[in-house]
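Residues per chain, in single letters:
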Amino acid sequence: MASGTESDEASDTPEIYKDPDDGRQRFLLELEFIQCLANPTYIHYLAQNRYFEDEAFIGYLKYLQYWQRPEYTKFIMYPHCLFFLEQLQNANFRNAMAHPANKELAHRQQFYFWKNYRHNRLKHILPRPLPEPEAAPPASAPPQQSVPLLPPVPAATISATATAPALPPMQYANAPGSALAKNDARNSAVDRRKRKKEG
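Criteria and cut-off values
- Residues numbered from 1 in each chain as written.
- Predicted model: local features only at pLDDT ≥ 70, side-chain atom pairs only at ≥ 80, totals over all residues.
- Heavy atoms only, no water.
- Helix = DSSP H or I, 4+ residues; strand = E, 2+ residues; numbered from the N terminus.
- Buried < 20%, exposed > 50% of the residue type's maximum accessible area, 1.4 Å probe, protein only.
- Contact = heavy atoms within 4.5 Å.
- Areas by Shrake-Rupley, 256 points an atom, 1.4 Å probe, with all protein chains shown as cover.
- Core = buried A, V, L, I, M, F, W, Y, C linked by side-chain atoms within 4.5 Å.
- Patch = residues over 30% accessible without salt bridge, like charges linked within 9 Å, V, L, I, M, F, W, Y side chains within 5 Å.
- Salt bridge = Lys/Arg side-chain N within 4 Å of Asp/Glu carboxyl O.

Enquirer: Help me understand the overall build of the protein chain, please; the structure alone is not making it clear to me.
Expert: Looking only at helices and strands, the protein chain features ten helices and zero strands. Walking the protein chain from its N terminus toward its C terminus, one meets helices and strands in the order α-α-α-α-α-α-α-α-α-α. Expressed as a percentage of the 199 residues in the protein chain, the buried residues total 17%. For the protein chain, long-range pairs separated by at least 24 residues make up 65% of all intrachain contacts whose partners lie at least 6 apart in sequence. Carbon and sulfur atoms form 58% of the exposed surface of the protein chain, whose accessible area is close to 17300 Å².

Enquirer: Is there a simple way to explain the environment of His99 in this structure?
Expert: Positionally, His99 belongs in the loop between helix H7 (91–96) and helix H8 (100–125). A sequence separation of 55 residues divides His99 from His44, and the C-alpha atoms of the two residues are 7.4 Å apart.

Enquirer: Looking at this structure, I do not really get the nonpolar core. What am I missing?
Expert: The nonpolar side chains of a soluble globular protein tend to be buried, and buried together. In this structure, Leu37, Phe52, Leu61 and Trp67 are the most contacted members of the largest nonpolar core, which totals 23 residues. Among the secondary structure elements, those contributing two or more residues to this core are helix H2 (24–36), helix H3 (40–48), helix H4 (55–63) and helix H6 (80–87). Considering each element in turn, this core owes the most residues, four residues, to H6. The contacts of Leu61, once residues within four sequence positions are left out, are Phe33, Leu37, Phe52, Leu85, Leu88 and Gln89.

Enquirer: Explain a nonpolar patch on the surface to me, please; I cannot follow it from the model alone.
Expert: A surface patch of nonpolar side chains, amounting to about 350 Å² of accessible area, comprises Phe113, Trp114 and Tyr117. With respect to the helices, strands and loops of the structure, Trp114 is situated in helix H8. Trp114 gets classed as exposed once you look at its relative accessible area, which sits at 53%.

Right, here's the structure in full:
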């Protein structure tokens, strides 16, 4: 009889389930699923296979919102998954993701966000400083005379340089009338042919 009363007492107290790995397996599975939500193609797959029509699955998506808390977000590698998790709480978004055009639109917008994120972020974080107006010299100070660093040039030299044409900033050829030979790979073959004919 004693064995019968012991079984009755055991059925009155519910057994508490204890994970053998203290929830590590569950944590990793939920983390992996959450990060899969960063892919619009995966969300489209879920919509096409009618996962979003199952109330239990929608309840699971609501349960997973705890991942938006700071103590869990530090484990997330793809932060877009949190945006899509928030959007999946809306029935209109879940229905829209069943259409391939909406999947492509979401994928394209995600790409443009990634492409321009750094530029846009820096534009808003580090605004350009306003140009500072130049301060006028005080009126009481006498103007200082500039000391010429070069000796004065004779007038004959000035007139000769004034008539010479201005040269481009990057010259690939020698100045006209220069005695220096031009080193050009295109003309070297022609010069060799001329030398062979002459010799």
